[in-house]
Amino acid sequence: MKKELFKFISILSISALLLSSCGENETSSTFSEDKDKSDTVSESITNSESDKEISDFENSSENSSDDFGSTEELNYAVSYKSTDLTTDFDESSAVKIKCEGASVTINGAGAEAEGGIITVTNSGVYLLEGTLNGRIIVSSTDTDPVRLILKGLSVTCNTSAPLYVASADKVIVTLEENTVNTFKDSDSYVYDDEANEEPSAAIFSKDDLTFNGKGTLLVEASFKNGIQCKDKLKICEGKIEVTAKNDGIKGKDCVGICGGNITVNSGADGIQSSNTSIGNVGFVSIENGTVNITSSLDGIQGENGVCISGGTVTINSGKGASSTESKKGIKGTKDVTVTGGIINVTSTDDSIHSDGVINVEGGDITASSGDDGFHAESEINIKGGNVNITRSYEGLEASKINIKGGNTRVKASDDGVNASDGTGGKGGFGGMGGGMSANSNCSFNVSGGYIYVNANGDGLDSNGNISISNGVVICEGPTNGGNSSVDHNGSISITGGMLLSIGSNGMAGEILSSTSGTTQCVFGSYINGTAGTTIAIKDSTGKILCVFKTTKQFGHLVFSSPDLKTGETYQIWTGGKGNGESTDGLYTENFYEGGSSVATITQSATVEGGGGGMGGGMGGGGFPGGMPGGNRPQKPSRW
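Because the structure is predicted, anything quoted here is derived from the model rather than measured.

Draft legend 1. Representation of the overall build of the protein within the structure. The helix and strand tally for the protein stands at one helix and 50 strands. Sorting the 639 residues of the protein into buried and exposed places 59% on the buried side. Considering only residue pairs separated by 6 or more positions, the protein has 61% of its internal contacts joining residues 24 or more positions apart. Looking at the protein as shown, the accessible area adds up to about 22100 Å², and 43% of this sits on carbon and sulfur atoms.

Structure representation (structure tokens):
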């Protein structure tokens, strides 16, 4: 036990669930590539999600802050030009290229063919169809783009990349509607650029590369990567399926997706942006479209960041990888930002990971993780959207965890929320839940939103302080006595919102062992119950303040609410049943039928221990110490 003397707390009432609509952030960087700015078409797709409101309690705090932390958010955007988005072309003026095996017929200027190798040397529009045993090389010094219209083209190359862009201002690949186009390589290459071992993908470009059109593109990469671009890679439209021995889709400066239906099956990363330079490069941006990734390593990896503002993204990452390899679902070194879209991640490592900051402002995220649901070395900020971590070792883990909006649900085999910076005695990422002294670098702050935690370790754990000023916090903590439903090394401050915490009685006193700054009434009581027990909290007039149905056995209850007042008496009832709809066990209608009172608490002070239940009245004595029993689950190995 951290302390010898504990005071217990009173249960709080539900605060207003402020629901942030999901929108796209203003970004710190926009690529500009066309000379004429009037030619810019910046397609901004806003995916507005509305969170389900599950409570209508009003905020009682006047001191809640809108500020999260000092960490600056990094947002990335891709500018989609008219040349990227348009698929219209004049077929009568296009250079027509007909392929039959190693034989190629070219009608027009700007391209030549020899021995099954087509070389495009000028900018312009090229219409390609047929079956080619060979390859296509783009080598243009023009300042205008090269557009390749694929109209049922199949290319197989046994010696190198079927499509190789050696030089060009930009190449736009347009997939003609109702056509299927295939690029297939072999398991060995003869490099065009031996010094850099390039090309190294079935479709490889040294310059900007864009895909659009309503047709289908199939890429089978047996040598290494599927689609690789050493500059900016954009996907605007089309059905694209990539099967790759190594990385599926790779853009050095960025990978931008604003549409299309993309499927990746890769032996390494699914989608990757690899530029490590300082600045607005090395990121993946998804604004719209459907993306499905099955990867042995990371699903989406941005050396600087990942930004998702719309679309549907489904990731299954890490199967078959070794224990020393990274196999996160979504990983951004500096920043991962989600402002919209539907994201489903199944990962053997962290579902969403950042060495810096994770920001969620909108969207629907479902994560099933073999390790942490969200893991950030610096901060996790949740301002809106829906986060549902259905499986994890630890649900949310970062030095600072700030929640001010949205709906967050966490299920964890260890701590549900762990504010830790990896230093200190028992604390640290994946540690025993806090060292013996407070860490000023760590905090868990709730100023809005809805949070439900179901944890086998500590429910809410901070190596520093915990602050609740608004919102709804429900925590079903551990059943063993070696962990606490709410655990902190510093102090806990409750100034608004609702807190409902239940768990084992072994470390119950940890919850409010230090209540510095608490201005809202809170009480606690030792009461026992089994899984499926429906609890009601009533005031002296019989008014019901809260009805909740548990999913596990428990030995204590803590409640705080703006409805609680000093000088008043409250009762905890069990054995009855609620009525109407419930979310995570919390009933929206304060109705309770049957049952009996198991504890009576007189709120004589802001922080009050309750009577009844475990060992009689608690008064000013607090919960007993000790750390009986309880085996901590084994932490998955880090990589």
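Draft legend 2. Inspection of the pattern of salt bridges at higher detail. This model, assessed by the stated rule, comprises 16 salt bridges. Between Lys-206 and Asp-193 there is a salt bridge; the shortest N-O distance is 3.2 Å. Of the two residues, Lys-206 sits in the loop between β11 (201-205) and β12 (208-213) while Asp-193 sits in the loop between β10 (180-184) and β11, which places them 13 residues apart along the sequence. Looking at Lys-206, the relative accessible area reads 26%, which means it is partly exposed. Judged by its relative accessible area of 17%, Asp-193 falls in the buried class. Across the pair Asp-231 and Lys-232 runs a salt bridge, and its minimum N-O distance is 3.2 Å. A relative accessible area of 18% places Asp-231 in the buried class. Residue class for Lys-232 comes out buried when judged on its relative accessible area of 11%. One connected set of salt bridges, linked through shared partners, spans Asp-193, Glu-198, Lys-206 and Lys-230.

Draft legend 3. Local environment of the nonpolar core. The biggest cluster of nonpolar side chains holds 95 residues, and the ones touching the most others in it are Phe-211, Ile-227, Ile-300, Ile-330, Phe-374 and Leu-396. Residues in contact with Phe-211, not counting those within four places in the same chain, are Val-173, Ile-203, Leu-217, Ile-227, Leu-233, Lys-234, Ile-235, Cys-236, Glu-237 and Ile-240. Core analysis: the second largest hydrophobic core is formed by 24 residues, Tyr-450, Val-472, Cys-521 and Cys-546 among them.

Draft legend 4. Just the packing of aromatic side chains, in detail. One pass over the structure, following the stated rule, counts five aromatic pairs. With a centroid separation of 4.1 Å and 10° between ring planes, the pair formed by Tyr-189 and Phe-223 is classed as stacked. In this pair, Tyr-189 sits in the loop between β10 and β11 while Phe-223 sits in the loop between β13 (216-221) and β14 (225-229), placing the two residues 34 residues apart along the sequence. Each of the two residues, Tyr-189 as well as Phe-223, counts as buried. Ring geometry for Tyr-191 versus Phe-223: centroids 6.1 Å apart, planes at 65°, classification edge-to-face. You can see Tyr-191 sitting in the loop between β10 and β11 and its partner Phe-223 sitting in the loop between β13 and β14, a full 32 residues away along the chain. A relative accessible area of 25% places Tyr-191 in the partly exposed class. On the accessibility criterion, Phe-223 (18% relative accessible area) is buried.

Draft legend 5. Just unusual backbone geometry, in detail. A cis amide bond links Glu-198 with the next residue in sequence, Pro-199, at an omega value of 0°. The residue Asn-178 is not glycine, and still its phi comes out positive at about 65°. In this structure, Asn-178 sits in the loop between β9 (170-175) and β10. Judged by relative accessible area, Asn-178 falls into the exposed class, the value being 76%.

Draft legend 6. Region of the structure containing the environment of Ser-296. Mapped onto the secondary structure, Ser-296 falls in the loop between β20 (283-295) and β21 (300-302). Along the backbone, Ser-296 and Lys-245 are 51 residues apart, and their C-alpha atoms lie at a distance of 9.9 Å. If sequence neighbours within four positions are ignored, Ser-296 has contacts with Ser-266, Gly-267, Ala-268, Gly-318, Lys-319, Ala-321 and Lys-327.

Draft legend 7. Focus on the confidence of the model for the protein. Considering every residue of the protein, the mean pLDDT works out to 84; 80% of them sit at 70 or more. For the stretch residues 1-73, pLDDT sits under 50, and the model shows 279 contacts to residues farther than four places along the chain or on other chains.

Draft legend 8. Seen up close, the pairing of β9. Among the six residues that make up β9, six are buried, leaving the element largely enclosed by the rest of the structure. Burial along β9 is two-sided: the residues Lys-170, Ile-172 and Thr-174 and Val-171, Val-173 and Leu-175 are all buried. In this sheet, β9 lies alongside strand β7 (residues 146-156) in parallel orientation, the contact comprising five bridges. Residue pairing for β9: Ile-149 is matched across the bridge by Thr-174. Pairing of β9 with β12 involves six bridges; the strand directions are parallel. Its bridge partner being in β12, Leu-175 is matched across the sheet by Gly-213.

Draft legend 9. Summary view of the environment of Gly-251. Position of Gly-251 among the secondary structure elements: in strand β17 (residues 249-251). Given a relative accessible area of 0%, Gly-251 falls into the buried group. Here the alpha-carbon distance between Gly-251 and Ser-205, two residues 46 residues apart in the chain, equals 9.3 Å. Among residues more than four places away in sequence, those in contact with Gly-251 are Cys-229, Asp-231, Leu-233, Gln-272, Ser-273 and Ser-274.

Quick notes on the rules
Position labels on residues start from 1 in each chain and follow its written sequence. Per-residue local features are limited, in this predicted model, to residues with pLDDT of at least 70; the limit for side-chain atom pairs, both in listing and counting, is 80 or more; totals at the level of whole chains, interfaces and linings are taken over all residues. For the side-chain quantities, the full set of heavy atoms in the structure was used; hydrogens and water were omitted. Numbering of helices and strands starts at the N terminus; helices are DSSP runs of H or I of at least 4 residues and strands are runs of E of at least 2. Exposed residues in this analysis have more than 50% of their type's maximum accessible area, buried residues have under 20%, and partly exposed residues fall in between, with area computed by a 1.4 Å probe over protein chains only. Note on definitions: a residue-residue contact is assigned when non-hydrogen atoms from the two residues lie within 4.5 Å. Only the protein chains shown count as cover for residues, and the accessible areas themselves come from Shrake-Rupley with a 1.4 Å probe. A side-chain nitrogen of Lys or Arg and a carboxyl oxygen of Asp or Glu constitute a salt bridge if their distance falls within 4 Å. Side-chain atoms within 4.5 Å are what join buried Ala, Val, Leu, Ile, Met, Phe, Trp, Tyr and Cys residues into a set we call a nonpolar core. Two rings from Phe, Tyr or Trp (for Trp, the six-membered ring) form a pair when their centres are within 6.5 Å of each other. A pair whose planes differ by under 30 degrees is stacked, one over 60 is edge-to-face, and the rest are tilted. The pLDDT value expresses, per residue, how confident the predictor is, ranging between 0 and 100. At least two DSSP bridges between two strands are needed for those strands to be called paired.

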